[in-house]
Amino acid sequence: MTKTAWVFPGQGSQKIGMGLDLIDFPNAKAKYEAAEKILGWSVPAICQSDENTLSQTIYTQPSLYVVESILIDLMRAKGHQPALVAGHSLGEYVALYAAGVLDFEAGLSLVKNRSELMAQVSGGQMAALIGFKREQLESEIQANPDVVIANDNSDTQVVISGKQEAVEAVLSKIKVKLAVKLNVSGAFHSHFMESAATEFQKVLNSMEFKPAHIPVLSNVEPEPTTDPEVIKSRLSRQMTHGVRWREIMLKFPQEGIEKIIEIGPGNVLTGLLKRTCPKITLENVSQSEHLAK
């Protein structure tokens, strides 16, 4: 049997219309109804509204969690099961659902609280960089305490995060092929999220984490584990620490993974994996027609 990992994308992968083709599946309908009771709004309605609305953190994160969770259920119904799971930022919460650490409702409640707290943070800036000299970038960041690497996505792609003037200063001092400022309210995955993380910790402490039946790779510590206390401890650091996705990808071949399926809208993670893990077979499941294949 092919040793397979499932990976789940996070904020930024959302697309208008995502999940709408799943509505007629009985289990999906039940999930959408349960989600509406928790959120107070309809995920399908938001997913067919407009880009500005869907791109708001309070809507993006829960919508992605719900749609990706439904796709997991449909994959399982067809007999598929991974040997390892990982998610990028928000996607890590989906990975915990896939691994049985949290049930659907508990995971969604956490995501709801996370998205609301993150949306309240303002004054920060994030920028995606493609094509740069890592040594030069790391040197400039070490010299500037107000900016960090928020997402270490690959050898050639990172996201930096911090105070707006600090991000601008770093960008002015490095050579980069492409720099794209992200449409976010705050400096996510940095120490500037400390106040939000403190409030979120209270919610996290009230949740019971179950032992994972599938090993999970964490954003802040990419070593597989099934220990619920280790998983919770790692998750508690996620909001204020960077996403170590490059290291997660390098872990897959070390763990003997032969195929990786990206579950969720888009193919951002697949693109990163293609360049980092060229010998691993890659697939995408973002809608019902992919399940048929």
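Structure's up top.
This section reports on the structure supplied with the text. (Residues numbered from 1 in each chain as written. Predicted model: local features only at pLDDT ≥ 70, side-chain atom pairs only at ≥ 80, totals over all residues. Heavy atoms only, no water.)

For the structure on display, the rule yields twelve salt bridges. What you see here is one network of salt bridges that share partners, running through Arg134, Glu138, Asp152 and Arg246. (Salt bridge = Lys/Arg side-chain N within 4 Å of Asp/Glu carboxyl O.)

The next point concerns the pairing of strand β3 (residues 124-132). Across the nine residues that make up β3, a large majority, seven, are buried. Inspection of the sheet shows β3 paired to strand β5 (residues 157-163) by seven bridges, in the antiparallel sense. When the sheet's bridge partners are listed, Ala127 is paired in β5 with Ile160. In terms of strand pairing, β3 meets strand β6 (residues 176-181) through five bridges, oriented antiparallel. Within the sheet, the bridge partner assigned to Ala127 lies in β6 and is Lys181. (Buried < 20%, exposed > 50% of the residue type's maximum accessible area, 1.4 Å probe, protein only. Helix = DSSP H or I, 4+ residues; strand = E, 2+ residues; numbered from the N terminus. Pairing = 2+ DSSP bridges.)

In this section: the pairing of β5. Of all seven residues that make up β5, six are buried, and the element is covered over most of its length. With five bridges connecting them, strand β4 (residues 147-152) and β5 associate as antiparallel partners. The residue bridging Asp152 from the neighbouring strand is Val158, located in β5.

On the surface, a nonpolar cluster with roughly 220 Å² of combined accessible area is contributed by Ile130, Leu178 and Val180. Along the chain, Val180 turns up in strand β6. You can call Val180 partly exposed: its relative accessible area is 38%. (Patch = residues over 30% accessible without salt bridge, like charges linked within 9 Å, V, L, I, M, F, W, Y side chains within 5 Å. Areas by Shrake-Rupley, 256 points an atom, 1.4 Å probe, with all protein chains shown as cover.)

This brings us to unusual backbone geometry. The backbone of Ser89 shows a phi angle near 60 degrees, a positive value even though the residue is not glycine. Overall, Ser89 belongs to the buried group, its relative accessible area being 12%. Even without a glycine there, the phi angle at His189 is positive, about 55 degrees. Within the fold, His189 resides in the loop between β6 and α9 (194-205). On the basis of relative accessible area, His189 is assigned to the buried category, the value being 5%.

We now examine the nonpolar core. Counting residues in each nonpolar core, the largest one holds 64 residues, and the members touching the most others are Phe8, Val43, Tyr65, Val66, Val85, Leu110 and Phe209. Residue contributions to this core peak at nine residues, all from helix α4 (residues 57-77). (Core = buried A, V, L, I, M, F, W, Y, C linked by side-chain atoms within 4.5 Å.)

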